[in-house]
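Below, each chain spelled out in residue letters.
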Amino acid sequence: MDCLHHCSVNLIKAHPVLNCYVLRGRPNVVKQITSRFITHDTRIGRFPIYKIEMKRAASPISTATLRVKRPRVKAPEYHLTPSIRDESGEIIWPAPNNQIECARDFILECVSAKKKTLIVPDKDADGLSSGAILQKTLILLGLEPNLISAHLLQKGTNLHDESERAAMAVYKPDYIFILDQGSRQSPPVIDTPHKALIIDHHWALEDDFPKGSHRVTACHSPPVATSSLLTYHICNELHPEVQRSCDWLCVLGTHGDLGNSLKWEPPFPDMQATFKTYTKSAINEAVSLINAPRRTATYDVPAAWAALTATDSPKDLRQNSTLLAARAEVNAEVERCARAAPKFSGDGKIAVIRVNSAAQVHPVIATRWAGHLESPKLHVVLVANEGYLPGMVNFSCRIPRSARERDPPVNIIEILQDIVARAPDPTLRERLGESYARGHKEASGGIVPKAEFEEILEILEIGKKPANSSSPKKAKGARLKQSNTLTNYFSKQTA
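Residues numbered from 1 in each chain as written. Predicted model: local features only at pLDDT ≥ 70, side-chain atom pairs only at ≥ 80, totals over all residues. Heavy atoms only, no water.

Our next topic: helix 13 (residues 412-421). Residue pairs three or four apart in sequence face the same way in an α-helix, which turns once every 3.6 residues. Of the residues making up helix 13, those classed as buried are I412, I413, L416, I419 and V420. Buried residues in helix 13, looked at end-on, bunch into an arc of 120 degrees, giving them a common side. Opposite the buried face of helix 13, at more than 90 degrees from it, the exposed residues are E414 and A421. (Buried < 20%, exposed > 50% of the residue type's maximum accessible area, 1.4 Å probe, protein only. Helix = DSSP H or I, 4+ residues; strand = E, 2+ residues; numbered from the N terminus. Arc of directions from axis to C-beta.)

So this is what it looks like as structure tokens:
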């Protein structure tokens, strides 16, 4: 056991460790270790310190084998997106001035008419905030609250479905406000006589609106404003109390769509006073609470609308038990579904994650993966949910962080349209329906039948490696041998 006196690792007393090997009847292990190292002891004060050094220097690590951490791609600041200017050099923002003035005249006419008014906001934080801003403005201007109704669409439907058109007609409205619903060419909002105003920011062409409706849209005025910000901009000039009562709703809806890292710098309005009154943390927490009910399996959008329109401060929403329970349910479902691994298209440009949930978690998971996946080829992250609606696939697409500064910019709607254009069956586009490739160029998606979605995956060649892949192929039947084992490590003779 004399060898034990010299067997310790640098400045660590290894004497008890080697002693343990000997006591267990394994002196050969001690012999092998001491044969490979030069040992000596020193003393610090009255404490013996045992040091050990390798007899030969370890081979230097090749810098080629080190993984160099790539710098995180910094997304461009949204407010710096170049704006379009008119003939006089003024920026056209948040929407064309003639559309904004038309919307203001429509609101004032509605109030003066004192007739039944229907508000139809979208289900998310942006849409509900838009509706709340408009409702508060109408009341401030003098329209009696009992003349105002709100209609919230059912799960899986859109404004143009016949079931929703019939449901809106039940209110017998004279004036209808459609907020943040997206739009397309369609018959009038309802069949009975009415006047309608569309306030929106989703991508649309000049004639992509219900017949006979008025519209104001931000989709052609970059940086594209949210519907809540556009509604706030329109209403703020109509009554002096709008700013005090609705500014936090504007921020809540805008952060819901554009994220809480948005910088409120020109052309966006200065909201410093708003953040001093309510704090960013309170508003951002309110965003998650208002978004939660519509993501649950029960699709409880009425709870979010009731909570938002009943309060004057985002802080009050923190105490709403219904909203808190909905958020907990959604968070748990997101964590369950987020474990699904992505598969890539044959060209590596599209990552597809498939989940199965009755909750609307696919947009959240798409946003999460878009912040993590990085590849010089990757253009789109697509999350498909096969459990949200019977027989259908709801999918959401986002641009990954690594692709946000591409030139030309990634356009998800064009990419989705190009996929269908490559289909061997020319009837695929018609079979996909009108809810395919809707939304924004940066955040799109759709609702399509399951069989047609499988056709899309076949076109993309999901999971299929490119033919020119450089990955070496293993010989058939060949067995890999491990070159370094525990046995031969201790049996090697040192120089």
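Another aspect to go through is the confidence of the model for the protein. For the protein, the mean per-residue pLDDT works out to 87, and 79% of the residues sit at or above 70. The model gives residues 1-14 a pLDDT under 50, and that stretch makes 34 contacts with residues more than four places away or in other chains. Across residues 471-478 the pLDDT falls below 50, and counting only partners more than four positions away or on other chains, this stretch makes zero contacts in the model. (pLDDT = per-residue confidence, 0-100. Contact = heavy atoms within 4.5 Å.)

For the rest of this paragraph, the subject is the side chain of R398. Residue position: R398 is located in strand 11 (residues 392-398). Comment: no salt bridge for buried R398; closest opposite-charge side chain is D257, at 8.0 Å. In terms of polar contacts, R398 uses its side chain to reach the side chain of T367, at 3.4 Å. (Lys, Arg positive; Asp, Glu negative; His and termini not counted. Salt bridge = Lys/Arg side-chain N within 4 Å of Asp/Glu carboxyl O. Polar contact = N/O pair within 3.5 Å; in protein donor to acceptor, adjacent residues only side chain to side chain.)

The first and last C-alpha atoms of helix 4 (residues 125-140) sit 22 Å apart over 16 residues, in line with the 22 Å expected at 1.5 Å per residue. Extensive coverage of helix 4 is indicated by the burial of 14 of its 16 residues. Downstream of helix 4 by a residue or two, G142 has a phi angle that is positive, lying close to 115 degrees. (Expected span 1.5 Å × (residues − 1).)

For the structure shown, the criterion picks out 21 salt bridges. A salt bridge links E452 to R431, with the nearest nitrogen and oxygen atoms 2.9 Å apart. Of this pair, E452 sits in helix 15 (residues 450-460) while R431 sits in helix 14 (residues 428-432); the two residues are 21 residues apart in sequence, bridging distant segments of the chain. Note on R431: relative accessible area 28%, which makes it partly exposed. Overlapping salt bridges bring together D425, R431, E452 and E455 as one network.

Now for the sheet that holds strand 8 (residues 343-344). Strand pairs in the sheet, formed through backbone hydrogen bonds, run parallel or antiparallel to each other. Pairing within the open sheet is mixed, and its six strands lie in the order 8-9-10-11-13-12. For this open sheet the edge positions go to strand 8 and strand 12 (436-439), each flanked by a neighbour on one side alone. Relative to strand 9 (residues 350-355), strand 8 is paired through two bridges, and the arrangement is antiparallel. Looking across to strand 9, one finds that K343 is bridged to V352. The strands touched by helix 13 are strand 9, strand 10 (380-385), strand 11, strand 12 and strand 13 (443-449); relative to strand 12, the strand with the most contacts, the crossing angle is about 170 degrees. The sheet contacts of helix 15 involve strand 9, strand 10, strand 11, strand 12 and strand 13, and relative to strand 13 the element is tilted by about 125 degrees. (Pairing = 2+ DSSP bridges. Axes fitted to C-alpha atoms, helices over the stretch in contact; angles between N-to-C directions.)

With that settled, the discussion passes to the pairing of strand 9. Strand 9 sits mainly inside the fold: five of its six residues count as buried. Here strand 8 folds back onto strand 9 in antiparallel fashion, the turn holding five residues, of which G348 has a positive phi close to 75 degrees. Looking at chain direction, strand 9 and strand 10 are connected through six bridges and run parallel. Bridge pairing links V355 to N385 in strand 10. A crossover links strand 9 with its parallel partner strand 10, the connecting element being helix 12 (residues 362-370), and its sense is right-handed. (Right-handed = clockwise from strand over helix to strand, strands pointing away.)

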